[in-house]
Amino acid sequence: MGITLYSLGAAQEVTGSKHIFEIDGRAFMVDCGAFQGRRKEADQKNRNFEVPVDKIESVILTHAHYDHCGLLPLLPKNGYKGNIYATPASRDLANLIMMDSANIQARDAEYLRKQAAKKGEKFTWKPLFTEADVVDAANQIVTLSYNRKMYIAPDVQLEFFDAGHILGSALACVTITGQKGQALQKNGAKTAKLWNKIGSRKSSDLKNFVESQADDEIRILYTGDLGRCQKPIIRDPAHGVPAPDYIVIESTYGDRKHEDSHVAMDELVNIVKKAVRQKGKIIIPSFAIERTQELVYYFHLLVDQKKIPEIPIYVDSPMATNATGIFQIHPECYDKETHDAFLKHHKNPFGFNSLSFVQSVAESKELNKKPGPMVIISADGMCEAGRVLHHLANNISNPNNQVLLVGFMAENTLGRRLKNGEKEVRIMGDWFNVRADIRQINAFSAHADYQECLEWLDAIDTSRLKRIFMVHGEPDAQAAFKTFLEQNGYPNVTVVKYGETYDL
């Protein structure tokens, strides 16, 4: 049995997760995400779809962020007819993300067509996929709840465990059985017969028989994006996973530690109080899924505790509004505190008096005319698209305003340029002086930092672990994380390179 691993995305970079393992030439895919960054460059990379669709048997989705699920519609578009396995919450959120992307691409195509017509130029750009492709992909999603086992091929078993990253996010545990393991599967009747024959008197015989048949199985654990402990709403990352032989781990924050959550909350209080004093606006670029709901939860908590005054808070993202509705119908993902708030006390942590959800474009534009203080939470989280660009364009040159960065900003994005302190930035083709106060709170990140990743590794059973494969991180972060893991008892760490094949 020959097993190989390789990655066609998120290899020495953060976005575009596409990881494949092959068993004697049969391919299984983990995630099919879109690249993000400079729009032209990301578009070219997404169009260069090198996934071997013709030999993929099954697809596994770890969670519903765009850089993990964004190109799923290209699978059926290119002829893939198999199943896509995901948790129920990931299915619902992925449907929302994929359809939103199709709608944005359709609008972009219409805009570019009109611009080309004005200039008398030939229009050639086409969307990567359409709404019909999204429907096809959605129809191929098969849901699998946490801690339930399913054979996705005669010799491949899948089990999801809570990754604690976003709603529905999963650690994907893949168990590959060799010829002996397959024989055990086929000989279930023989096993049952043997058990009935020997009974409890010779239970060791059955144990030996089972072990002799399954001694050639290989277990690979894909972390997807690994979450953090003590985050609101969702549970902590699971520790009770079967002992893996190989781990494919993310490394986004391989060289950075997050602030303590209490310090972050104090910082959020100070930012709000400053906005009140200066009658300014707080613009928060935020991912529509998880981060927005988490921020709403925190603002709710601070108002409840009377640590901040009630000021208008606007969630200006139709997708975030829809995602919040999905959050409300998936209590199986909640941690105890959120579960109790909903089911025992009938409180809604995703809504309170000073919170408004903005749907229409007209309402969104009106926010730029209203005086502060106010908070505007708007997508896209890396400031590359969406309504947040308009809010930044209208507010970034006012020194009374603040821009609060609360998540990872990939290279070559507007968010990264703001994080880096650039004094002039280009937004939607125009240049703007950055006079607003740019603030950052890392404690709101949904990714585990390098210390938290180590603590998770130390907490799971690594008695069988042969090697760690590192994906989903920039080169400097991965180099630092590799050294850190080696210094802390994990000597066999490989940084995965794009397209390079690794034999197990």
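The structure contained in this document is the topic of the report that follows.

The rules behind each value
Residues numbered from 1 in each chain as written. Predicted model: local features only at pLDDT ≥ 70, side-chain atom pairs only at ≥ 80, totals over all residues. Heavy atoms only, no water. Helix = DSSP H or I, 4+ residues; strand = E, 2+ residues; numbered from the N terminus. Buried < 20%, exposed > 50% of the residue type's maximum accessible area, 1.4 Å probe, protein only. Contact = heavy atoms within 4.5 Å. Areas by Shrake-Rupley, 256 points an atom, 1.4 Å probe, with all protein chains shown as cover. Phe/Tyr/Trp six-rings, centres within 6.5 Å; stacked < 30°, edge-to-face > 60°. Pairing = 2+ DSSP bridges. Axes fitted to C-alpha atoms, helices over the stretch in contact; angles between N-to-C directions. Salt bridge = Lys/Arg side-chain N within 4 Å of Asp/Glu carboxyl O. Core = buried A, V, L, I, M, F, W, Y, C linked by side-chain atoms within 4.5 Å. Expected span 1.5 Å × (residues − 1). Lys, Arg positive; Asp, Glu negative; His and termini not counted. Polar contact = N/O pair within 3.5 Å; in protein donor to acceptor, adjacent residues only side chain to side chain.

A short note on the overall build of the protein
Moving on, step 1. Looking only at helices and strands, one finds 17 helices and 22 strands in the protein.
Moving on, step 2. Buried positions account for 56% of the 504 residues belonging to the protein.
Moving on, step 3. Considering only residue pairs separated by 6 or more positions, the protein has 76% of its internal contacts joining residues 24 or more positions apart.
Moving on, step 4. Carbon together with sulfur atoms contributes 48% to the accessible area of the protein, which is approximately 21700 Å² in total.

Let's talk about the packing of aromatic side chains
Moving on, step 1. Enumeration according to the criterion identifies 7 aromatic pairs in this entry.
Moving on, step 2. Where Tyr297 meets Tyr298, the ring centres are 6.4 Å apart and the plane angle is 80 degrees; that geometry is what we call edge-to-face. The two residues Tyr297 and Tyr298 agree in class, both being buried.
Moving on, step 3. An angle of 40 degrees between the planes, with centres 5.0 Å apart, marks the rings of Tyr298 and Phe444 as tilted.

Things to note about the sheet that holds strand β14 (residues 355–358)
Moving on, step 1. Strand order in the open sheet made by the 6 strands is β14-β13-β15-β12-β16-β19, with parallel pairing throughout. In this open sheet, the two strands that pair with only one neighbour each are β14 and β19 (437–440). Strand-to-strand twist of the sheet, defined as the mean angle between neighbouring strand axes without regard to direction, takes the value 20 degrees.
Moving on, step 2. Packed on one face of the sheet, helix α11 (residues 318–328) meets β13 (313–316) and β14 and runs near 115 degrees to β14.

Focus on the pattern of salt bridges
Moving on, step 1. As enumerated under the stated definition, the model contains 22 salt bridges in all.
Moving on, step 2. Of the charged contacts in the structure, one is a salt bridge between Asp155 and Arg26, with a shortest N-O distance of 2.9 Å. Residue Asp155 is found in the loop between β7 (149–153) and β8 (156–162), and its partner Arg26 is found in strand β3 (residues 26–30); the two are separated by 129 residues along the sequence.
Moving on, step 3. Residue class for Asp155 comes out buried when judged on its relative accessible area of 4%.
Moving on, step 4. Note that Asp437 and Arg439 form a salt bridge whose closest N and O atoms lie 3.3 Å from each other.
Moving on, step 5. Accessibility expressed as a relative area gives 25% for Asp437, which makes it partly exposed.
Moving on, step 6. Overall, Arg439 belongs to the buried group, its relative accessible area being 17%.

A short note on the pairing of strand β17 (residues 424–427)
Moving on, step 1. Where burial is concerned, the two faces of β17 differ: the one with Val425 and Ile427 is buried and the one with Glu424 and Arg426 is not.
Moving on, step 2. Pairing analysis gives 4 bridges linking β17 to strand β18 (residues 430–433), with the strands arranged antiparallel. The partner of Glu424 across the bridge, within β18, is Asn433.
Moving on, step 3. Connecting the antiparallel pair β17 and β18 is a turn made up of 2 residues, with Met428 showing a positive phi of about 50 degrees.

Some words on the environment of Lys257
Moving on, step 1. By the secondary structure assignment, Lys257 is in the loop between β11 (246–250) and α9 (261–278).
Moving on, step 2. Residues Lys257 and Ala448, 191 residues apart in the sequence, show an inter-C-alpha distance of 8.6 Å.
Moving on, step 3. The residues touching Lys257, leaving out its near neighbours within four places in the chain, are Asp449, Tyr450 and Gln451.

Quick notes on the nonpolar core
Moving on, step 1. With 104 residues, the main nonpolar core has Phe21 and Leu75 as its most contacted residues.
Moving on, step 2. Apart from the residues within four sequence positions on either side, Leu75 is in contact with Met29, Cys32, Phe49, Val51, Val53, Val59 and Tyr80.
Moving on, step 3. Within the second largest apolar cluster, 28 residues are counted, among which are Val358, Leu367, Ala410 and Val434.

Description of helix α4 (residues 88–119)
Moving on, step 1. For α4, with 32 residues, the first-to-last C-alpha span of 47 Å sits near the 46 Å given by 1.5 Å per residue.
Moving on, step 2. Two residues or fewer past α4, Gly120 is found with a positive phi of approximately 70 degrees.

Some thoughts on the pairing of strand β1 (residues 3–9)
Moving on, step 1. Counting buried residues along β1, 7 of its 7 residues qualify, which places the element largely inside the surrounding structure.
Moving on, step 2. Alignment of β1 against strand β2 (residues 18–23), held across 6 bridges, turns out to be antiparallel. Within β2, the residue paired with Gly9 across the bridge is Lys18.
Moving on, step 3. By the bridge criterion, 2 bridges tie β1 to strand β22 (residues 502–503) in an arrangement that is antiparallel. Across the sheet, the residue bridging to Leu5 is Tyr502, located in β22.

Some thoughts on the side chain of Glu384
Moving on, step 1. Tracing the sequence through the fold places Glu384 in the loop between β15 (374–378) and α14 (388–395).
Moving on, step 2. Within the buried core, Glu384 has no salt-bridge partner, and the shortest N-O distance to an opposite charge, that of Arg417, equals 4.1 Å.
Moving on, step 3. Polar side-chain contacts of Glu384 include one of 2.7 Å to the backbone nitrogen of Leu414.
Moving on, step 4. Contact partners of Glu384, with chain neighbours within four places excluded, come to Gly37, Arg38, Arg39, Leu389, Asn412, Thr413, Leu414 and Arg417.

Remarks on the sheet that holds β22
Moving on, step 1. Taken in spatial order, the 7 strands line up as β6-β5-β4-β3-β2-β1-β22 in an open sheet, and their pairing is mixed. Among the strands making up the open sheet, the edge pair consists of β6 (141–143) and β22.
Moving on, step 2. Bridge count for strand β5 (residues 83–86) against β6 is 3 bridges, and the pairing is parallel. Opposite Ala86, over in β6, you have Thr143 as the bridge partner.
Moving on, step 3. Packed on one face of the sheet, α4 meets β5 and β6 and runs near 150 degrees to β6.

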